[in-house]
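Secondary and tertiary structure notes
Okay, here's what each chain looks like letter by letter:
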Amino acid sequence: MSIAKLQLVTVGDAAPAMLKELEAPLALHLQLPALPSKVSLNTPNYAFNKDRKQYHSNAILRRLAALNTDAVSGILGLTDVDLFVPESEHVFGEADREARSAVVSLFRLRQGASLDVVRQRLQREVLHQAGHLLGLSICEDTRCVMSVSTDPAELDRKHAGFCNLCKNELQRLR
């Protein structure tokens, strides 16, 4: 089943105002209505790894998925904590299509950036994770929002949208 709308949730101390910044790009590039939720999650201490001093994104995804009771919705959490998965030093975000949940962190997106640059990075990463929720895979075009980014400079080089191949795939998936 395809996702028809996306619930936006803050996790920890992420500013709820940042959720508002995500509505227009999700509507423009994915035709996906995004609705800031009245629900928020506390700092995800349950996901904290003492050795890494980071938060395991999969644990947060499970908690977000449990909040999603709407069969046609996906859920995306915005957090300010440093995320990781075991096979990577860090991640900007993570998505689980089966659970219809995604999480994006502002922690590394803020590195050496003005507020405008942080907004651009955040929008690109949110589009990337929402794209995964809709069924898109990683793209080899480094300008496409679906390409992999491991550092902020790679996010800065991306366009604010999808390449033609990913646009066509989105149409096919809908």
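Provided above is the structure to which this section pertains.
Treat the numbers as computed from the prediction; the structure is a model and nothing was measured. (Residues numbered from 1 in each chain as written. Predicted model: local features only at pLDDT ≥ 70, side-chain atom pairs only at ≥ 80, totals over all residues. Heavy atoms only, no water.)

Quick notes on the pairing of strand β1 (residues 5-11)
Extensive coverage of β1 is indicated by the burial of 6 of its 7 residues. Direction of pairing for β1 relative to strand β5 (residues 73-79): parallel, over a ladder of 7 bridges. Residue pairing in the sheet places threonine 10 in a bridge with leucine 78 of β5. Bridge count between β1 and strand β2 (residues 34-41): 5 bridges; the pairing is parallel. Its bridge partner being in β2, leucine 6 is matched across the sheet by alanine 34. Where the polypeptide runs from β1 across helix α1 (residues 16-30) and back to β2, its parallel neighbour, the crossover connection is right-handed. (Buried < 20%, exposed > 50% of the residue type's maximum accessible area, 1.4 Å probe, protein only. Helix = DSSP H or I, 4+ residues; strand = E, 2+ residues; numbered from the N terminus. Pairing = 2+ DSSP bridges. Right-handed = clockwise from strand over helix to strand, strands pointing away.)

Describing unusual backbone geometry
Backbone geometry at glutamine 31 places phi at a positive 50°, although glycine is not the residue there. As for its placement among the helices and strands, glutamine 31 is situated in the loop between α1 and β2. In this structure, lysine 53 is a non-glycine residue whose phi angle is positive, near 55°. Owing to a relative accessible area of 63%, lysine 53 belongs among the exposed residues under this scheme.

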